[in-house]
Amino acid sequence: MKKGILLTVLMACVIAWNVGAQDRPLQIIMIGAHPDDCDIKSGGTAALFVAMGHHVKFVSVTNGDAGHQSEGGGMLAKRRIAETKEVARRLGVSYDVLDNHDGELLPSLEIRLQIIRKIREWKADVVIAPRSNDYHPDHRYTGVLVQDAAFMVGVPNVVPDVEPLRKNPVFLYFQDNFKKPNPFQADIAVDITPVIEKKLAGLDAHQSQFYEWLPWIGNYENEVPKDPAKHKEYLLAKRVQTPNPEVRKTLEKWYGKSRADQAKFAEAFEICEYGTQPTEQDIRRLFPMLGK
Ligand SMILES: [Zn+2]
């Protein structure tokens, strides 16, 4: 019992020290199209921010009500919202699901305003979203919607009931493998090796996706282990990429060669040309896990 209390006090000190390096906790918002996108792209980075005392919100722009082969509509949306609540509990993030239909997302004004509202309410320092050349229309339009919000978050007459941001956030893109019209550029890479278990725990909460829907649509249902004890191993093999040469180079830039060589898993981000353009010093302040 005493050991437990001591550990809690120690953890609180570590968090206070880390937050203290910056005058207040950082506010990070990650915006995906579906209730599992942020988890896939940056669950590890989110876990690292949270461990350092910073605040992370995941937003799903659609309610995920098309993401299953035998369930659908409101009941599926409810199931997926419950899964995001479990992710929030496991990762220590806040998770919002916007009530827009899955598979039918368009870059409308109405949804742009929803996104402006979310970014402002979170008082975001950093906003992360997909690039707009993804294969999935919902991902693509989420990218466009966030780009369309990037300047407007500071305009007081747009969404006038929520205070505009006086400092434009830094906007980043999640990593992807699409090459046309231009490939992803790994400007920032975070070593997530120490929190890989947390990332997997987040993915594991999306039972409807990783063990049912994605194997069905990808025709690999027979690969899903029947034994839940083997699920994490399966997720690691199937859903977690090892760093490619470009990401390795970026890890080296931010962490130095010896730490980069030891990194088994990483999440990378590209700086968007909209929003505040960060200096190297800004990036180290906004991504304190990168070290000095
Ligand atoms: Zn998705």
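Residues numbered from 1 in each chain as written. Predicted model: local features only at pLDDT ≥ 70, side-chain atom pairs only at ≥ 80, totals over all residues. Heavy atoms only, no water.

## Re the overall build of the chain
Threshold: For helices the rule is a DSSP run of H or I covering at least 4 residues; for strands it is a run of E covering at least 2, with both sets numbered from the N terminus onward. Atoms considered for the radius of gyration are the C-alpha atoms alone. The globule rule reads 2.2 Å times the number of residues to the power 0.38. Counting rule applied: Lys, Arg positive; Asp, Glu negative; His and chain ends not counted. In plain terms, the charge of a residue is placed at NZ if it is Lys, CZ if Arg, CG if Asp and CD if Glu.
Each helix and strand in the chain was counted, giving 11 helices and 7 strands. Computed over the C-alpha atoms, the radius of gyration of the chain is 19 Å, within 12% of the 19 Å expected from 2.2 N^0.38 for a compact globule of 292 residues. For the C-alpha atoms alone, the extent of the chain along its principal axes is close to 50 × 50 × 45 Å. Both charge centroids of the chain, one from 38 positive and one from 38 negative side chains, sit 5 Å from each other.

## Observations regarding the environment of glycine 74
The condition is simple: Exposure classes here rest on a 1.4 Å probe applied to the protein chains alone. A residue is buried below 20% of its type maximum, exposed above 50%, and partly exposed in between.
Residue position: glycine 74 is located in helix H3 (residues 73-91). Among the residues examined, glycine 74 registers a relative accessible area of 54% and is labelled exposed.

## Digging into the environment of alanine 266
Stated precisely, the cut-off is as follows: Note on contacts: a residue pair qualifies if any of its non-hydrogen atoms lie within 4.5 Å across the two residues.
Inspection of the secondary structure puts alanine 266 in strand E7 (residues 266-275). Among the residues examined, alanine 266 registers a relative accessible area of 12% and is labelled buried. With sequence-adjacent residues up to four places away left out, alanine 266 is seen in contact with Val190, Ile192, Pro243, Val247 and Leu251.

## Describing the sheet that holds strand E1 (residues 27-32)
Under the convention used in this document: A pair of strands counts as paired when DSSP detects no fewer than two bridges linking them. The axes used here are C-alpha line fits, helices contributing only the stretch in contact, and every angle between their N-to-C directions lies in the interval 0 to 180 degrees.
The 7 strands lie next to each other as E3-E2-E1-E4-E5-E7-E6, forming an open sheet whose pairing is mixed. On the outer flanks of this sheet lie strand E3 (94-97) and strand E6 (188-191), each paired with one strand and no other. Neighbouring strand axes in the sheet, compared pairwise and without regard to direction, differ in orientation by 25° on average. Taken together, the 6 bridges between E1 and strand E2 (residues 55-60) define a ladder with parallel strand orientation. Looking across to E2, one finds that isoleucine 28 is bridged to valine 56. Lying over the sheet, helix H4 (residues 109-121) contacts E1, E2, E3, strand E4 (126-129) and strand E5 (170-174), oriented at roughly 155° with respect to E1. Where helix H9 (residues 245-255) meets the sheet, it contacts E6 and E7, and its direction lies at approximately 80° from that of E6.

## Considering the pairing of E6
Alternating residues of E6 divide into Ile188 and Val190 and Ala189 and Asp191, and every residue in both groups is buried. Where E6 and E7 come together, 4 bridges link them in antiparallel fashion. Its bridge partner being in E7, isoleucine 188 is matched across the sheet by phenylalanine 269.

## With respect to helix H2 (residues 37-51)
Keep this limit in mind: Residue count minus one, scaled by 1.5 Å, sets the expected span of a helix. Throughout, the bend at a residue refers to the angle made by two axes, fitted to the seven residues ending there and to the seven starting there.
Taking 1.5 Å of rise per residue, the 15 residues of H2 would be expected to cover 21 Å, and the 21 Å separating its terminal C-alpha atoms lies within 8% of that figure. Residue glycine 43 marks the point of greatest curvature in H2, where the axis turns by about 75°. The buried fraction of H2 is high, at 12 of 15 residues. Along H2, the residues classified as buried are Asp37, Cys38, Asp39, Ile40, Ser42, Gly43, Gly44, Thr45, Ala46, Ala47, Leu48 and Phe49. Positive backbone phi, at 90°, marks glycine 53, one or two positions downstream of H2.

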